[in-house]
Amino acid sequence: MSDYQGYDALVATVRLKDITSSAGNRAILHRMKNNDPALEYLYISSPDNINPDEPNQYVLREGDDLGWLGYFIGENFTLTEMYVHHVPADIGQAREMFKGFERNKTITSVDIDTNVLNEGLSAMNMPHVKSIGFDCQLERDAAHCFALGLRQCKSLKSYFGMLTVEILTVLSTLPMVKNIIAHVDEAGNNTLGREGGVALEQLLRKNKLNHLDLDARFIGDEGLEMMAAGLVHNKSLTECCLSNNNISGEGVKALAVALVDNRSIRALNLGQNNIGDEGLKALASSLTHNQGLRVLNISDNSFGDEGLEALANSLASNRKLRGLHLCNNNIGDTGLLALAVSLAQNRALRVISLSGNTAITEIGLTAMARALQSRKCKLEDLCLDRIHIGDGGKVLARALSINKSLVSLSLTCGGGMVSISDDGLRALTAGLSHNCTLRELDLSENTAITAIGLSHLRQYLWAPSCALESLSIYCINFGDEGAFALVDALTRNKSLKELLFGGVRYAGITVAGWEAFSKLLCDSSSANNMYLSNHTLQTICHSWLWRDNITPWLKANGDSQSQSTAAKYKILKRISDLNMVPFFQWDLKFLPLVKSWFQTVTSCPDMKSSDEWIKLATSIRSRGRELSAMYKFVRGMPVLVAYNYKQYLMQQLRSIRAMKSKLQEEIQGLEERERRLMEA
């Protein structure tokens, strides 16, 4: 039955049992029919990929009437997302199901992820859907069927999925498409090449595209030349990723010409190609005129000092570029020197990544350090991973003691290299002890760092100016001695929120090391020591690590908006009965403070969202811990309490007598006024 009027006539009498194959499917149709507000999304699956924990799942089997399924989808107004994991092979049945997508006006997102691709995809008709995901390994016939169905999606704005020349051609005919994100084709069957470039040219000419990601689509030089021809006429594209596309210097030259007058592209990713020095020179030439680009990624492109020098010269006239990624090339000291000279005068650049340029030595690092000391340098993020720092740590330290802009510094290692050792870390922390801007420091995989090196962190972390919030030391096996050193360094620190490490089963730390971390977070030897514990750290090791002796305290730190709130929580959680004797020296002056403290704790505004805090506050009220504390005052100082109570009563009596005297005077005044009025 394909006539919707026929369904309308029968919907009141049809038995769901007669049109479904299972109780689960009947429940789904019932919920759709009644517009269950909890049914915001729906999975359409096959018996081979059932998720037993998914409540919103319709499993297609023999006995399911797809016409009725389509009808109820079309009439529903709570569904917004569909996940299609199975499409009927019979095109007639598929068409019946997709008629629901055609009629429904609330479904805006559809994700198709199925191992069985067939002609049923050609019946896909979704004119109101704005976002489609298609994560499947495509053969030519299946791609053709999907492309046929895609033509009907006239409202499509975003496409995420496998990309072929035919699919790309269809996307160029859909006027509302803004975003195209290609998924990696693991089989490598669907490269774009020159034909893809022709489709891209039409797409860029006709559509107001915003985001184009063609990672690993192997467009090549010829395809890029065709695409660049369309880019000349495009005024809308803001992000373009062409990484790993078999592009050489020749292809980049055509792109560089298109970039000269382009003002829309903000981020361009050309990583993992082979543009070389000649290609980089062409890009550098275009950057002297381009005023739109903000982020340029040319990592893994086989260029060296010659190309970087040209780029550095172009930065003298370009004041718009904010991020520059130059990882894993052949850059040496000469190129870095040229870049550093330009950086010292450039107020625009905020991010520079030089990771993996192993030819850089202390000479190049010294030049970079001089740039960091310049007042004009506004660099915020510097990545020097897999570069041997050595004695360069000293010159970096001097620069960091002066620099007021850097927020993130990465010095990770790997592949058996040594980036920084204990001596280098000692020099680095000496400089950082005067730094007040750095928020993130990554020293991961520097296996030469030992517990001795970590002990040098104390000078930095104890410094009043320390602003560090995240410290990463992954893949360093520092053991318990390193844990003790870190605990010592963090004892007086009030800024660090994340201490991230791992590898070799949590850095070789034993029970003793974890106990040290536990004591750092909550020293339960006394209420005073608990108050002086660390109330800032929110993550140790991994965010997903659960350890009974530290995780609750980390969560308390994270749930609190202030350190004092976290301290109160720990004190009340750990100490069941507070000792009031030490406060007797203040007599009853401290009693109002005790009452106020308990009231603040049980109604703390910045912890109300925490279930643990709610449980604790409820426990305090139910167990009468406030009354218990006040009772200890009374019991500990009965004479003083009695004396103060007598004084309180005398004060109240004096107050009453004064009020009585005042009232008597007012009565006499009123009687006098009454007498005068009577005489008049």
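None of the values given here were measured: they were computed from a predicted structure.

The rules behind these values
- Residues numbered from 1 in each chain as written.
- Predicted model: local features only at pLDDT ≥ 70, side-chain atom pairs only at ≥ 80, totals over all residues.
- Heavy atoms only, no water.
- Salt bridge = Lys/Arg side-chain N within 4 Å of Asp/Glu carboxyl O.
- Buried < 20%, exposed > 50% of the residue type's maximum accessible area, 1.4 Å probe, protein only.
- Pairing = 2+ DSSP bridges.
- Helix = DSSP H or I, 4+ residues; strand = E, 2+ residues; numbered from the N terminus.
- Core = buried A, V, L, I, M, F, W, Y, C linked by side-chain atoms within 4.5 Å.
- Contact = heavy atoms within 4.5 Å.
- Expected span 1.5 Å × (residues − 1).
- Bend = angle between axes of the 7 residues up to and from the residue.
- Polar contact = N/O pair within 3.5 Å; in protein donor to acceptor, adjacent residues only side chain to side chain.
- Arc of directions from axis to C-beta.
- Phe/Tyr/Trp six-rings, centres within 6.5 Å; stacked < 30°, edge-to-face > 60°.
- Axes fitted to C-alpha atoms, helices over the stretch in contact; angles between N-to-C directions.
- Parallel < 35°, antiparallel > 145°, perpendicular 65-115°, else oblique.
- Right-handed = clockwise from strand over helix to strand, strands pointing away.

Enquirer: What should I look at first to understand the pattern of salt bridges in this one?
Expert: Two side chains bearing opposite charge may form a pair once their charged atoms approach each other closely. Taken as a whole, this structure holds 16 salt bridges when the rule is applied. The closest approach of N and O atoms between Arg31 and Asp36, which form a salt bridge, is 2.8 Å. Accessibility expressed as a relative area gives 22% for Asp36, which makes it partly exposed. One network of salt bridges, with partners in common, ties together Glu672, Arg675, Arg676 and Glu679.

Enquirer: How should I be thinking about the pairing of strand S1 (residues 41-45) in this particular structure?
Expert: In the sheet, S1 pairs with strand S3 (residues 81-84) via four bridges, with the strands oriented parallel. Within the sheet, the bridge partner assigned to Leu42 lies in S3 and is Met82. Relative to strand S2 (residues 57-59), S1 is paired through three bridges, and the arrangement is parallel. By the bridge assignment, Ser45 is partnered in S2 with Val59.

Enquirer: Could you clarify how one ought to interpret the nonpolar core in this entry?
Expert: It is characteristic of soluble globular proteins that their nonpolar side chains tend to be buried jointly. The biggest cluster of nonpolar side chains holds 169 residues, and the ones touching the most others in it are Leu150, Phe501 and Phe517. Setting aside chain neighbours within four positions, we find Leu150 in contact with Met124, Ile132, Leu156, Ile167, Val170, Leu171 and Leu174.

Enquirer: Please explain helix H4 (residues 91-103) as it appears in this structure.
Expert: A turn of α-helix holds 3.6 residues, and therefore any two residues three or four places apart point the same way. Its 13 residues give H4 an end-to-end C-alpha distance of 18 Å, which sits within 8% of 18 Å, the value for a rise of 1.5 Å per residue. At Met97, H4 shows its strongest bend, of approximately 25°. N-cap assignment for H4: the residue whose side-chain oxygen lies 3.0 Å from the backbone N of Gly92 is Asp90.

Enquirer: Would you mind showing me how to read helix H11 (residues 305-314) here?
Expert: Buried residues of H11: Gly307, Leu308, Leu311, Ala312 and Ser314, and no others. Along H11, the residues classed as buried sweep out an arc of 160° about the axis, all on the same side.

Enquirer: How should I be thinking about the packing of aromatic side chains in this particular structure?
Expert: Any aromatic ring pair is given by two values, namely how distant the centres are and how the planes are angled relative to each other. Tallied over the full model, the rule gives 15 aromatic pairs. Taken together, a centroid distance of 5.5 Å and an interplanar angle of 80° make the contact between Trp68 and Tyr71 edge-to-face. Of this pair, Trp68 and Tyr71 both sit in helix H3 (residues 66-75), separated by three residues, roughly a single helical turn. Taken as a pair, Trp68 and Tyr71 share a single burial class, namely buried.

Enquirer: Sorry if this is basic, but what is going on with the environment of Leu66 here?
Expert: The topology assignment puts Leu66 in helix H3. Sequence-wise, Leu66 and Phe98 are 32 residues apart; in three dimensions their C-alpha atoms are separated by 9.0 Å. Beyond its immediate stretch of four places on either side in the chain, Leu66 contacts Leu60, Pro88, Gln93, Glu96 and Met97.

Enquirer: Can you help me understand the environment of Asn104 in this one?
Expert: Looking at the secondary structure, you find Asn104 in the loop between H4 and strand S4 (109-112). Taking relative accessible area as the criterion, Asn104 reaches 0% and is therefore assigned buried. For the pair Asn104 and Asn76, spaced 28 residues apart in the sequence, the C-alpha separation amounts to 6.9 Å. Apart from the residues within four sequence positions on either side, Asn104 is in contact with Ile73, Gly74, Asn76, Leu79 and His128. Looking at Asn104, its side chain comes within polar contact range of the main-chain oxygen of Ile73, at 2.7 Å. For Asn104, the side chain forms a polar contact with the main-chain nitrogen of Ile107, separated by 2.7 Å.

Enquirer: Teacher, can you tell me more about the packing of helix H14 (residues 392-402) against helix H15 (residues 422-432) here?
Expert: Packed helix pairs are specified by the crossing angle of their axes together with the interaxial distance, meaning the distance between the axes. At a minimum axis separation of 7 Å, H14 and H15 run at an interaxial angle of 10°. By the criterion of interaxial angle, the relationship of H14 to H15 is roughly parallel. In this structure, H14 uses Gly393, Lys394, Leu396, Ala397, Leu400 and Ser401 to contact H15, whose residues at the interface are Ala427, Leu428, Gly431 and Leu432.

Enquirer: What should I look at first to understand the pairing of strand S6 (residues 158-161) in this one?
Expert: Successive residues of a regular strand alternate their side chains across the two faces of the sheet. Across four bridges, strand S5 (residues 131-134) lies against S6 in parallel orientation. Along S6, the bridge assignment pairs Ile132 with Tyr159. As judged from the four bridges shared by S6 and strand S7 (residues 179-182), these two strands associate in the parallel manner. When the bridges of S7 are listed, Phe160 appears paired with Ile181. Once the chain exits S6 it traverses helix H6 (residues 165-171) before rejoining the sheet at S7, and the crossover so formed is right-handed.

Enquirer: So what exactly am I meant to see when it comes to unusual backbone geometry here?
Expert: Where the residue is not glycine, phi is negative for most of them; where a peptide bond is considered, it is trans in most cases. Of note, the phi angle at Phe218 is positive, near 50°, even though the residue is not glycine. Following the sequence through the fold, Phe218 ends up in the loop between strand S8 (211-213) and helix H8 (220-231). Non-glycine residue Gln272 carries a positive phi angle of around 60°. Relative to the assigned elements, Gln272 resides in the loop between strand S10 (267-269) and helix H10 (276-287). Accessibility expressed as a relative area gives 47% for Gln272, which makes it partly exposed.

Enquirer: What is the right way to read the packing of H8 against helix H9 (residues 249-259) from this model?
Expert: Orientation of H8 relative to H9, taken along the N-to-C sense of each, is 5°, at an axis distance of 8 Å. Comparing their axes, H9 and H8 come out roughly parallel. Along its contact with H8, which presents Asp221, Leu224, Glu225, Ala228 and Leu231, the element H9 presents Glu250, Gly251, Val252, Ala254, Leu255 and Ala258.

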